[in-house]
Amino acid sequence: MARLFRLLLAWPTLATSLSVYNKAHISEDSRSPDVYDYVVVGGGLTGLVVANRLSENPKRSVVVVENGYIDRSYAVELPYATLGLNTADMWNITSVSDKQLNNATFRVPVGSVVGGGSAVNGMACTRGSRADYDAWEQLGNPGWGWDGLFPYFLKSTNLTPPLPEFVEDFGVTWNDSVWGHNGPVQVGFASVIYPDVKAVRRSWIAQGVPNVTDGASGDPLGLFWLPTSLDSSSGTRSSARAAYYDPISARPNLRLLTGHRVFKILFKNDGLDTTGVLAISHADNSTVRLSANKEVILAAGAVFTPHLLQRSGIGPKDVLEAANVTVKADLPAVGSNFQDHPVAAMAYNISNQSFPNPSSMVLNATFNATSWDEYLQNHTGPYTGGRVTGTGNSLALHPLSRLAANYEAVATNITSQNALDFLPEIYSRNASLLRGFEAQRDILRNIILSNSSSCCETHPALGGGAAMSLQKPLSRGIISLDPANPDGLPLVRYNTLMNPVDAEVLIAMVRYAREHWARPEVAQFSPVENLPGAQYQTDEEILDGLIATGILTPTNAHSSGSCAMMPAELGGCVGPDLLVYGTQKLSIVDASILPLIPGTHLQMTMYAVAEKAADIIKSRA
Ligand SMILES: Cc1cc2nc3c(=O)[nH]c(=O)nc-3n(C[C@H](O)[C@H](O)[C@H](O)COP(=O)(O)OP(=O)(O)OC[C@H]3O[C@@H](n4cnc5c(N)ncnc54)[C@H](O)[C@@H]3O)c2cc1C
């Protein structure tokens, strides 16, 4: 046990080594032919959902090509491991320096493993507001609003209620009717809640944050208990691999090709009639051509799907030409409209925490050992937690009006700006991209004025953590080929704070967090602001402090929007049928299609999107 304790202190290293030892390297197998009905690019969250549903029909053959491998180690399976970042199962990619953030660069968090993000993520299970999804419908996508997605939220999930003792002792609430009960993804509640959660939750309620029975109801604007993608029966992560691949991996009409990177989409002659893909094996650099009778389905995620399209000749003409790629279709939407949730990780030094608390797992060897025994015997206890226990097993979402008395002025400011002043240069050369952004902006303005979605997420955190994330950024990033190395990794430009309204909202978030930590309900912890530090007081100082201390980062690992589902005249890349404009037999199902980032962590949304996508693709067969 002492050894385990020492290992936990160095958790990220442990995670890395475990995943290396346990990987099943499945290289290209001998099953042939290499002609399938569907070729799915990316065996991440959405790719595995779609592959599962399409291969339900034994007459349809499906191949999934995944850059990473299968990892069944504790680094993936153990919920407690979410405290570290499993970089061994992620792409090693760094963003282009961000001008507004002191030219800093950041790791771009993307899974490279079977299950993709669902195998390396923090396991939080949340949904956005009804208005978040209705916005997609308003942006020209009939059937993609809350009502259109709700059946798929249910279809993809199976909720296990919290333990009765937590309901009794902490008043944990949930609403069975908004969850599925037969779906593949297991959703459960970590079976550990530390005692200080009571005080911290009380303080948010006292600050005026309403108690929400269940954050998945479509109206999550308050404080709610946070379920996770946890298989409560085994105490392990329910990833897309565990939920959608493992149970059906023996289907003879389904093939998973790991350790292969797709580097080109193939078309008939000089046109845009898609015939398949070309992939390269990491094992020996051999190439394999996989042909699709019906469709190539891109599920490589919001960073790599636009990159692959551009490598294949579909994207902004000038970007392709700069990289010496022959232009097949000039589609500026490919790589534009990139969005994420910037995070401001404020922190307080606190004292007088009750025992146990999240640090007890690291600082108290006896508690750790007992917890490990409990996990092995019952699959319960602190090892079923991890990141979620640090957030007090809860989240709070806030409309701007809760944070800023001048929210109406902020909303007005959004639409009175000259949009081009604060957008990447490509928008000034493409009227359709600009129209699309202006349409999004109108919706964001209405959302702020009607208090119908969140602009800020806070963690009712234990241990003095006070991370907050900006849910409705106006700044837009760009994904593009590296002209110096088009075969390499994409250039990821977050462009955080390019739009000054984002800074205004962030400053309001900091002030709101300070009000919270000054409340009598948390006075017992004697909180002292550590980051960015109480010396930063004016608006300008607060912004400087967020940047100078490095606690403002561009990403909450919610890459999205870079091949938006919007009409072509609004600068979209795919329509509601998910087919890439101008092409035949080429569709996208991953997070790149979200036209506007919802105010939520993305995995539950992406399971529903992929389930709906599978039905759409099936229906054209
Ligand atoms: C570190 C991290 C933490 C997160 N935390 C949470 C959380 O707590 N809660 C939550 O709701 N969401 C969270 N998310 C977000 C969520 O997991 C993602 O939104 C979701 O996985 C996106 O699904 P996707 O299918 O679009 O992409 P992914 O799941 O990323 O799948 C894309 C797959 O395609 C593969 N691929 C890419 N290019 C190629 C290529 N050329 N050839 C072959 N394969 C390729 C990748 O290796 C990857 O496996 C987190 C994500 C990360 C990375």
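Going by the annotation in an unreviewed UniProt entry, the name recorded for the chain is Glucose-methanol-choline oxidoreductase N-terminal domain-containing protein, with Neoarthrinium moseri given as the source organism. As its UniProt record puts it under Sequence similarities (unreviewed entry), the chain is described as follows: "Belongs to the GMC oxidoreductase family." Database annotation for the chain, UniProt heading Cofactor (unreviewed entry): "FAD".

(A) Expanded view of helix α9 (residues 197–206). Residues of α9 that are buried include every one of Val197, Ala199, Val200, Arg201, Ser203 and Trp204, and no others. Here the buried face of α9 lies against β7 (223–225), β17 (394–398), β18 (456–458) and α19 (500–517).

(B) Representation of the environment of Val50 within the structure. Within the element layout of this structure, Val50 appears in helix α3 (residues 45–54). Residues Val50 and Pro473, 423 residues apart in the sequence, show an inter-C-alpha distance of 29 Å. Setting aside residues no more than four positions away along its own chain, Val50 makes contact with Ile297, Val589, Ala610, Ala614 and Ile617.

(C) Quick look at unusual backbone geometry. Cis geometry is adopted by the peptide bond preceding Pro356, which originates at Phe355 and carries an omega value of -5 degrees. As for its placement among the helices and strands, Pro356 is situated in the loop between β16 (343–349) and α13 (360–363). A cis amide bond links Leu531 to the next residue, Pro532, at an omega of 0 degrees. A positive phi angle, close to 60 degrees, is found at Lys585, a residue other than glycine. Tracing the sequence through the fold places Lys585 in the loop between β23 (552–553) and β24 (586–588). What makes Lys585 partly exposed here is its relative accessible area of 26%.

(D) The arrangement of the site of the ligand in detail. Thr46, Glu66, Gly117, Val262 and Gln603 are the nearest of the 35 residues found near the ligand. Leu45 places a main-chain nitrogen or oxygen 3.1 Å from an oxygen atom of the ligand. A distance of 2.9 Å separates an oxygen atom of the ligand from a polar atom in the backbone of Gly117. Considering the ligand on its own, with 1,000 Å² of exposed area, one finds that the protein chains cover 96% of that surface. Secondary structure elements with two or more residues in the shell around the ligand: α3, α5 (117–120), β11 (260–267) and α11 (301–311). The residue inventory of the shell around the ligand, partitioned by class, reads 16 nonpolar, 16 polar and three charged.

(E) View of the pairing of strand β12 (residues 274–281). Where burial is concerned, most of β12 is hidden: six out of the eight residues are buried. Sheet analysis places β11 next to β12, joined by seven bridges and oriented antiparallel. Each residue of the ladder has a partner; that of Val262, found in β12, is Ala279. Taken together, β11 and the strand that follows it, β12, pair antiparallel across an intervening segment of six residues, in which Asn269 is found at a positive phi of about 50 degrees. Direction of pairing for β12 relative to strand β13 (residues 287–298): antiparallel, over a ladder of five bridges.

(F) Broad picture of the packing of α19 against helix α20 (residues 539–548). Interhelical geometry of α19 versus α20 gives an angle of 90 degrees and a closest axis separation of 10 Å. As summarised for this structure, α19 and α20 are arranged roughly perpendicular, according to the angle between their axes. Contact with α19, carried on its side by Ala503, Leu506, Ile507, Val510, Arg511 and Arg514, involves Asp539, Ile542, Leu543 and Leu546 of α20 and no other residues of that element. Looking at the contact of α19 with α20 residue by residue, the class counts come to seven nonpolar, no polar and three charged.

(G) Spatial organisation of the environment of Gly171. Relative to the assigned elements, Gly171 resides in the loop between α8 (164–170) and β6 (185–187). Spatially, the C-alpha atom of Gly171 lies 9.4 Å from that of Lys198, the residues being 27 residues apart in sequence. What Gly171 contacts, discounting residues up to four positions off in sequence, is Phe166 and Trp225.

What counts, and at which threshold
- Residues numbered from 1 in each chain as written.
- Predicted model: local features only at pLDDT ≥ 70, side-chain atom pairs only at ≥ 80, totals over all residues.
- Heavy atoms only, no water.
- UniProt positions renumbered as here; feature names shortened; annotations may be inferred.
- Buried < 20%, exposed > 50% of the residue type's maximum accessible area, 1.4 Å probe, protein only.
- Helix = DSSP H or I, 4+ residues; strand = E, 2+ residues; numbered from the N terminus.
- Contact = heavy atoms within 4.5 Å.
- Near = heavy atom within 4 Å.
- Polar contact = N/O pair within 3.5 Å; in protein donor to acceptor, adjacent residues only side chain to side chain.
- Areas by Shrake-Rupley, 256 points an atom, 1.4 Å probe, with all protein chains shown as cover.
- Nonpolar A, V, L, I, M, F, W, Y, C, P; charged D, E, K, R; others polar.
- Pairing = 2+ DSSP bridges.
- Axes fitted to C-alpha atoms, helices over the stretch in contact; angles between N-to-C directions.
- Parallel < 35°, antiparallel > 145°, perpendicular 65-115°, else oblique.

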